[in-house]
Amino acid sequence: MTKTETAKPKKQLRGFAYDLRHNKWLLAMSVPGLICIILFNYIPMGGLAIAFQDYSLFLGIKGSTWVGFDNFARFFKDPYFFRILKNTFLLGLYSLLWSFPAPIILALAINEVKSTAFKKVTQTLTYLPYFISTVIIVGIMRALFASSGGIVNTVIVALGGEAIAFFNEPRWFRSLYIGSSIWQGMGYNSIIYLAAITGIDPQFYEAAKIDGASRMCCIRKITIPCILPTIAVLLTMSFGSILSVGFEKILLMYGPATYEVADVISTYTYRMGMLQQDFGYSSAVGMFNSVVAVILLMLGNWFSKHVLGDSLC
């Protein structure tokens with residue numbers, strides 16, 4: 001081990017000791033959060049053992065039979081494996097491509113508004129959908145896109161078209177899911193970008209205006225480069241959630257007619273675990289999903305580091 005490698009841990013230890021001595025109250029404030037993470041995120045990981053068992057509720061983890069990787073092999077051989085994986089990946093990827101840029105664009109637009117009153121009203125209206133229950137969101141969607149009596153189909157018929165059964169046709173499912181997700185989360189997710197924009201030094205804009213830069217030029221040359229580290233971090237975290245598509249919304253939206261495009265890993269796990277009581281198998285499926293999510297997170301971090309110039313680590 002070289003002197004540099006030996007000195008690095010010592011330097012980190014000294015830095016931790018300094019923080020402990022000078023920032024003890026700030027560190028103390030993080031203790032409740034750490035306790036919650038340990039209790040609800042790390043301790044339950046011991047339950048992953050049932051993914052390698054023919055688990056029985058009556059026998060428990062100690063009494064259930066160990067089957068090794070049989071549950072995983074069973075999932076890979078499932079005739080619906082590729083369909084479920086494809087649906088999960090496509091929904092997550094499309095959500096990333098369409099939902100991720102939306103709050104950035106909204107934050108840039110709000111930042112350019114000069115009227116404070118209009119800006120506050122706009123922010124409030126765009127934040128509100130995030131706090132509406134998913135059940136209510138889907139209920140609103142079903143009322144708007146109903147085959148008979150829905151506003152959308154009423155307009156289509158009035159214009160000479162034929163009514164469309166949006167919730168029963170597979171080709172419309174992804175559009176409805178992603179469109180509603182954008183509407184619901186765009187305003188709330190823009191808060192982070194607005195905070196990052198607020199932290200930009202106003203002197204940059206003043207200097208640019210003196211040089212004759214337009215608003216669009218200021219956005220391209222000042223605002224976006226300054227918030228790029230924030231974009232990079234959030235993009236990296238979004239890569240890890242590609243396979244974590246909204247379970248509740250899909251469960252409320254899908255039906256037998258749309259299984260071919262709507263059935264994802266989370267809904268499949270729900271059916272196998274809660275409805276069929278096959279807990280070992282459903283745990284194996286969930287564990288597979290988590291492992292793939294970690295791999296995607298690492299790939300996203302690599303992409304962010306080499307393409308955007310910033311990353312989580």
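Check the entry above for the structure.
Everything quoted here is computed from the prediction, not taken from an experiment. (Residues numbered from 1 in each chain as written. Predicted model: local features only at pLDDT ≥ 70, side-chain atom pairs only at ≥ 80, totals over all residues. Heavy atoms only, no water.)

Let's talk about the overall build of the chain
Scanning the chain from terminus to terminus reveals 17 helices and 2 strands. The C-alpha radius of gyration computed for the chain amounts to 25 Å, which surpasses the reference 20 Å derived for 313 residues by more than 25%, pointing to a less compact arrangement than a globule. Projected onto the principal axes, the alpha-carbon positions of the chain cover approximately 75 × 70 × 35 Å. The 313 residues of the chain split such that 34% are buried. Contacts in the chain between residues at least 24 apart in sequence constitute 65% of all its contacts with a sequence separation of at least 6. (Helix = DSSP H or I, 4+ residues; strand = E, 2+ residues; numbered from the N terminus. Rg over C-alpha atoms; globule rule 2.2 N^0.38 Å. Buried < 20%, exposed > 50% of the residue type's maximum accessible area, 1.4 Å probe, protein only. Contact = heavy atoms within 4.5 Å.)

What to know about the side chain of Ser283
Along the polypeptide, Ser283 turns up in helix 17 (residues 279-308). Under the relative-accessibility criterion, Ser283 is labelled buried at 19%. Apart from the residues within four sequence positions on either side, Ser283 is in contact with Ile50 and Ala51.

A word on the packing of aromatic side chains
This structure, assessed with the given rule, holds 21 aromatic pairs. Between Phe131 and Tyr188, the aromatic rings sit 5.8 Å apart at their centres with planes inclined by 90 degrees, giving edge-to-face as the arrangement. Here Tyr188 lies in helix 11 (residues 170-198) and Phe131 lies in the loop between helix 8 (116-127) and helix 9 (134-144), a separation of 57 residues in the sequence. Residue class for Tyr188 comes out partly exposed when judged on its relative accessible area of 32%. Taking the centre distance of 5.1 Å and the plane angle of 70 degrees together, the rings of Phe166 and Trp172 count as edge-to-face. For Phe166, a relative accessible area of 5% corresponds to the buried category. One aromatic cluster in this structure is built from Phe75, Phe76, Phe81, Phe82, Tyr268, Tyr281 and Phe288. One residue, Arg142, lies across the ring of Phe167, its end atom 4.4 Å from the ring centre. Geometry around Tyr177 places Lys249 over its ring, the cationic atom sitting 5.4 Å from the centre. (Phe/Tyr/Trp six-rings, centres within 6.5 Å; stacked < 30°, edge-to-face > 60°. Lys NZ or Arg CZ within 6 Å of the ring centre and 35° of its normal.)

Some words on the pattern of salt bridges
Applying the stated rule across the entire model yields 5 salt bridges. For Asp263, the salt bridge is made with Arg271, and the minimal N-O distance between the two is 2.8 Å. Each member of the pair Asp263 and Arg271 is classed as buried. Each of the salt bridges in this network shares a partner with another, and the network as a whole consists of Arg83, Asp263 and Arg271. (Salt bridge = Lys/Arg side-chain N within 4 Å of Asp/Glu carboxyl O.)

Some words on the packing of helix 7 (residues 101-112) against helix 11
Two numbers describe a pair of packed helices, the interaxial angle and the distance between the axes. Here helix 7 crosses helix 11 at 60 degrees, and the two axes come no closer than 7 Å. By the criterion of interaxial angle, the relationship of helix 7 to helix 11 is oblique. With respect to the hand of their crossing, helix 7 and helix 11 are arranged in right-handed fashion. Residues Ala102, Pro103, Ile104, Leu106, Ala107, Leu108, Ile110 and Asn111 of helix 7 form the contact with helix 11, whose own contacting residues are Ile182, Met186, Gly187, Asn189, Ser190, Tyr193, Leu194 and Ile197. (Axes fitted to C-alpha atoms, helices over the stretch in contact; angles between N-to-C directions. Parallel < 35°, antiparallel > 145°, perpendicular 65-115°, else oblique. Left-handed = near helix turned anticlockwise from the far one by under 90°.)

Considering unusual backbone geometry
Despite not being glycine, Gln277 shows a phi value in the positive range, around 60 degrees. Counting through the fold element by element, Gln277 comes out in the loop between helix 16 (265-275) and helix 17.

Focus: the environment of Ala208
Take Ala208: it is sitting in helix 12 (residues 202-210). Relative accessible area serves as the criterion here: at 13%, Ala208 is assigned to the buried category. The spacing of Ala208 and Tyr259 is 51 residues in sequence and 54 Å in space, taken between C-alpha atoms. Ignoring any residue separated from it by four or fewer positions in sequence, one finds Ala208 in contact with Ala213, Cys218 and Ile222.

A look at the environment of Tyr259
Within the secondary structure layout, Tyr259 lies in helix 15 (residues 259-262). Tyr259 sits 40 residues away from Leu299 along the chain, and the two C-alpha atoms are 29 Å apart. Excluding anything up to four places from it in sequence, Tyr259 contacts Arg83, Asn87 and Tyr254.

Some details on helix 16
For helix 16, the set of buried residues is Ile265, Thr267, Tyr268, Arg271, Met272 and Gly273. One or two steps after helix 16, the chain reaches Gln277, where phi turns positive at roughly 60 degrees.

Describing the environment of Tyr80
When you line up the elements, Tyr80 lands in the loop between helix 5 (70-77) and helix 6 (81-99). In sequence terms Tyr80 and Pro32 are 48 residues apart; their C-alpha atoms lie 42 Å from each other.

Some points on the packing of helix 7 against helix 8
At a minimum axis separation of 10 Å, helix 7 and helix 8 run at an interaxial angle of 160 degrees. In terms of orientation, helix 7 lies roughly antiparallel with respect to helix 8. Classified by chirality, the crossing of helix 8 by helix 7 is left-handed. In this structure, helix 7 contributes Leu106, Ile110 and Asn111 to the contact, and helix 8 contributes Lys119, Thr122, Gln123 and Thr126. In terms of residue class, the contact of helix 7 with helix 8 is made up of 2 nonpolar, 4 polar and 1 charged. (Nonpolar A, V, L, I, M, F, W, Y, C, P; charged D, E, K, R; others polar.)

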